[in-house]
Amino acid sequence: MEKAPAPTGIQDQIARVLEKTPRGLLINGRWRDSSDGSTFEVENPATGEVIASVASATRGDAQAAMDAAADAQESWARTPARVRSDILRRAFDMVQDRRDDLALLMTVEMGKPFTEAQGEVKYGGEFLRWFSEEAVRDYGRYVDGPEGTLRMLVARKPVGPCLMITPWNFPLAMATRKIAPAIAAGCTMVLKPARLTPLTSQYFAQIMLDAGLPAGVLNVVPSASANAVSGPIMADPRLRKISFTGSTAVGKELMKVAADSVLRTSMELGGNGPLIVFEDADIDKAVAGAMAAKMRNMGEACTAANRLLVHEAVAEEFVDKLAEKMAALKIGNGLDAGVTVGPLVEAKARDAVEQFVKDAVDRGAEVVVGGGRGDGPGYFFEPTLLRNVPRDARAMCEEIFGPVAPVITFATEEEAVELANATEYGLASYVFTENISRGLRIGDRIEFGLVGLNVGVISNAAAPFGGVKQSGLGREGGAEGIAEYTTTQYIGIEHPWG
Ligand code: NAD
């Protein structure tokens, strides 16, 4: 593994993109400073350098954003679906046109390799196109009641103003997955992006304004203090919904607060995904799937394969082939050509990953590849493959959120299912077998909201994304995604012949 300096010329491009990126708070269609003038700094995790200062919303600013969302709700709900759809479609086109700007911002504020950041623009942008199509097809129904005494009008209405809180690992996609269906449904919103990665959301919010989104529909309030924003907004009786993506611990706290006002909640929380390789799997396919499911985004994905469960008959071949691929990864600044593994998002994240490896090794695991932190500035950790990892190692029980792949073997299908389900999480899982009946049987028996069958990447704007157990509530994407932002009203009408 080698590290190369960033190519010359790229710094000019970054400066140009940063210049175009709003640094203020977006409240009622205008960018403005925070009310007490406070800001916070955004760092490039590959270099440790500060790249920007962004306004830090106070409680008063959060309240002003909530006021704007509440004031805009009625007229936005009355705005024809075709108009909402056209705005989303224009935003989709603008995201394509400004693809490299968005990708550059993600690489410098979050660390992911530039080509992966471009992939996120494609994935994240698709939610705009998908929900522009869903906006005009969100049908209700009109039916005769069974007794012939009533006619039943079932309408889907926007749920109302929403608070959206997003994490740092997919700075664009986690925002568009919420904003696009809310716009399609006719909801207004306040977005609080993650403190570590506000710039992508800021740039994207400007795209929404450029696409014609009316003032007050989308308000954006980055803040050094998450509570300063969520506290007053969640206490406001005009708020109707919170949609949160982040850790299970914070999600639980927010659910407790949401209970006070019986708020609708969508919770996209943590994961501890198993990747199961059966003895009848195509091992090359399984290795490719494991590379995608484990190493994409440096392992900082809720969908990451956290535990690799491999049948003992194929474990040696699988580990050998995976080791070869992992050792060939190129670690470095995500702006550099050929880099496939960027830094972790901050020092704390790198240190936590190091502790997972240490714990596993202390309990008897063997390091096959990597195992250490990178040298120099930036928060690098080597792609790490561990085998003979005991079941009680922390890496088996908790979400690693880093480029560490622990392998454990099993002997029977029963044992594989039991191992896979032995977690309080239930988000993504992956199954590799050339026997499709077995694949579907396992899908039936494992408690996960998402199952990849012979494939390592399954996220798609057209599919319902979400977890069971402590991985969350609700779904983002697909036909289900817009339903999160609508409420059902039934009007019983006197029957003309009743
Ligand atoms: P986090 O929970 O620390 O933070 C997420 C967001 O919540 C951030 O914007 C943060 O500022 C805010 N926040 C933190 N404390 C808060 C509080 N007390 N009140 C209100 N807001 C608060 O998570 P993270 O480290 O940013 O993201 C990583 C986690 O997100 C992982 O667990 C990962 O699995 C999960 N995640 C889940 C999905 C999914 O779709 N299920 C997708 C991406 C990430």
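Our subject is the structure that appears above.
Throughout what follows, the structure given in this document is the object of discussion. Since the structure is predicted, the reported quantities are computational estimates derived from the model, not experimental observations.

## Describing helix α9 (residues 248-260)
Over its 13 residues, α9 runs 19 Å from end to end, which matches the ideal 18 Å to within 8%, given 1.5 Å per residue. For α9, the set of buried residues is T248, G251, L254 and A258. Looking straight down α9, one finds that the buried residues subtend no more than 120° of arc, so they occupy a single side. Exposed side of α9, more than 90 degrees from the buried face: A249, K256, A259 and D260 are the residues found there. Close packing links the buried residues of α9 with β7 (162-165), α8 (226-235), β10 (241-245) and β11 (264-268).

## Structural notes on the nonpolar core
With 71 residues, the main nonpolar core has L275, I276, V277, L308, F318, L322 and L385 as its most contacted residues. At seven residues, helix α10 (residues 283-295) tops the list of elements feeding residues into this core. Domain assignment of the residues forming this core places at least three in each of domain 1 (10-270 + 472-488) and domain 2 (273-422 + 428-460). Those residues within four positions of V277 in sequence are excluded, and the remaining contacts are I283, A286, L309, V310, H311, V314, F318, F410 and F432. Of all hydrophobic cores here, the second largest spans 64 residues; its members include W76, F92, F127 and M208.

## Looking at the sheet that holds strand β12 (residues 273-277)
In spatial order, the strands read β14-β15-β16-β13-β12-β17-β18; together these seven strands make up an open sheet with mixed pairing. Both outer strands of the open sheet, β14 (366-369) and β18 (450-453), are each paired with one neighbouring strand and no more. Across this sheet, the average inter-strand angle for adjacent strands is 25°, counted without regard to direction. Note that β12 and strand β13 (residues 305-311) share five bridges and pair parallel.

## Thoughts on the site of the ligand
Neighbouring the ligand are 28 residues, the closest being T166, R177, S247, L269 and E399. T166 places a main-chain nitrogen or oxygen 2.7 Å from an oxygen atom of the ligand. Within the side chain of R177, an N or O atom sits 2.8 Å from an oxygen atom of the ligand. With three residues, α8 is the single largest residue contributor to the shell around the ligand. Of the residues that constitute the shell around the ligand, the class distribution is 15 nonpolar, nine polar and four charged. Shared between two domains, the shell around the ligand holds at least three residues of each, these being domain 1 (10-270 + 472-488) and domain 2 (273-422 + 428-460).

## Re the pattern of salt bridges
One pass over the full model with this rule turns up 36 salt bridges. Two residues, R445 and E414, come together in a salt bridge whose shortest N-O distance is 2.9 Å. Of this pair, R445 sits in helix α15 (residues 436-445) while E414 is found in helix α14 (residues 413-421), placing the two residues 31 residues apart along the sequence. You can call R445 partly exposed: its relative accessible area is 35%. Bridged by salt links that share partners, the residues E279, D280, E413, R438 and R441 form one connected network.

## Quick look at the packing of aromatic side chains
Scanning all chains against the criterion turns up three aromatic pairs. Centre to centre, the rings of Y123 and F127 are 5.2 Å apart; their planes meet at 75°, and the pair counts as edge-to-face. Taken as a pair, Y123 and F127 lie in helix α5 (residues 114-134) at a separation of four residues, close to a single helical turn. Looking at Y123, the relative accessible area reads 17%, which means it is buried. A centroid spacing of 5.5 Å and a plane angle of 75° characterise the contact between F278 and F410, whose relative ring orientation is edge-to-face. Remark: F410 occurs in strand β16 (residues 404-410) and F278 occurs in the loop between β12 and α10; sequence separation between them is 132 residues. When its relative accessible area of 0% is taken as the criterion, F278 is described as buried. For F410, a relative accessible area of 1% translates into the label buried.

## Comments concerning the packing of α5 against helix α6 (residues 173-185)
Direction vectors running N to C along α5 and α6 enclose 5°, while the axes themselves pass 8 Å from each other. It follows that α5 is roughly parallel to α6 by the angle criterion. Each of E120, Y123, G124, F127, L128 and F131 in α5 lies in contact with α6, whose residues at this interface are A173, T176, R177, A180, P181 and A184.

## Notes on the sheet that holds strand β5 (residues 141-144)
Strands sit in the order β5-β6-β20 across an open sheet of three strands; the sheet is antiparallel. The strands lining the two open edges of the sheet, one partner per strand, are β5 and β20 (486-494). Within this sheet the neighbouring strands show an average axis-to-axis angle of 20°, counted without direction. In terms of strand pairing, strand β6 (residues 150-158) meets β20 through nine bridges, oriented antiparallel. When the bridges of β20 are listed, R156 appears paired with T488.

Rules and cut-offs
- Residues numbered from 1 in each chain as written.
- Predicted model: local features only at pLDDT ≥ 70, side-chain atom pairs only at ≥ 80, totals over all residues.
- Heavy atoms only, no water.
- Helix = DSSP H or I, 4+ residues; strand = E, 2+ residues; numbered from the N terminus.
- Expected span 1.5 Å × (residues − 1).
- Buried < 20%, exposed > 50% of the residue type's maximum accessible area, 1.4 Å probe, protein only.
- Arc of directions from axis to C-beta.
- Contact = heavy atoms within 4.5 Å.
- Core = buried A, V, L, I, M, F, W, Y, C linked by side-chain atoms within 4.5 Å.
- Domains from an automatic or database assignment.
- Pairing = 2+ DSSP bridges.
- Axes fitted to C-alpha atoms, helices over the stretch in contact; angles between N-to-C directions.
- Near = heavy atom within 4 Å.
- Polar contact = N/O pair within 3.5 Å; in protein donor to acceptor, adjacent residues only side chain to side chain.
- Nonpolar A, V, L, I, M, F, W, Y, C, P; charged D, E, K, R; others polar.
- Salt bridge = Lys/Arg side-chain N within 4 Å of Asp/Glu carboxyl O.
- Phe/Tyr/Trp six-rings, centres within 6.5 Å; stacked < 30°, edge-to-face > 60°.
- Parallel < 35°, antiparallel > 145°, perpendicular 65-115°, else oblique.

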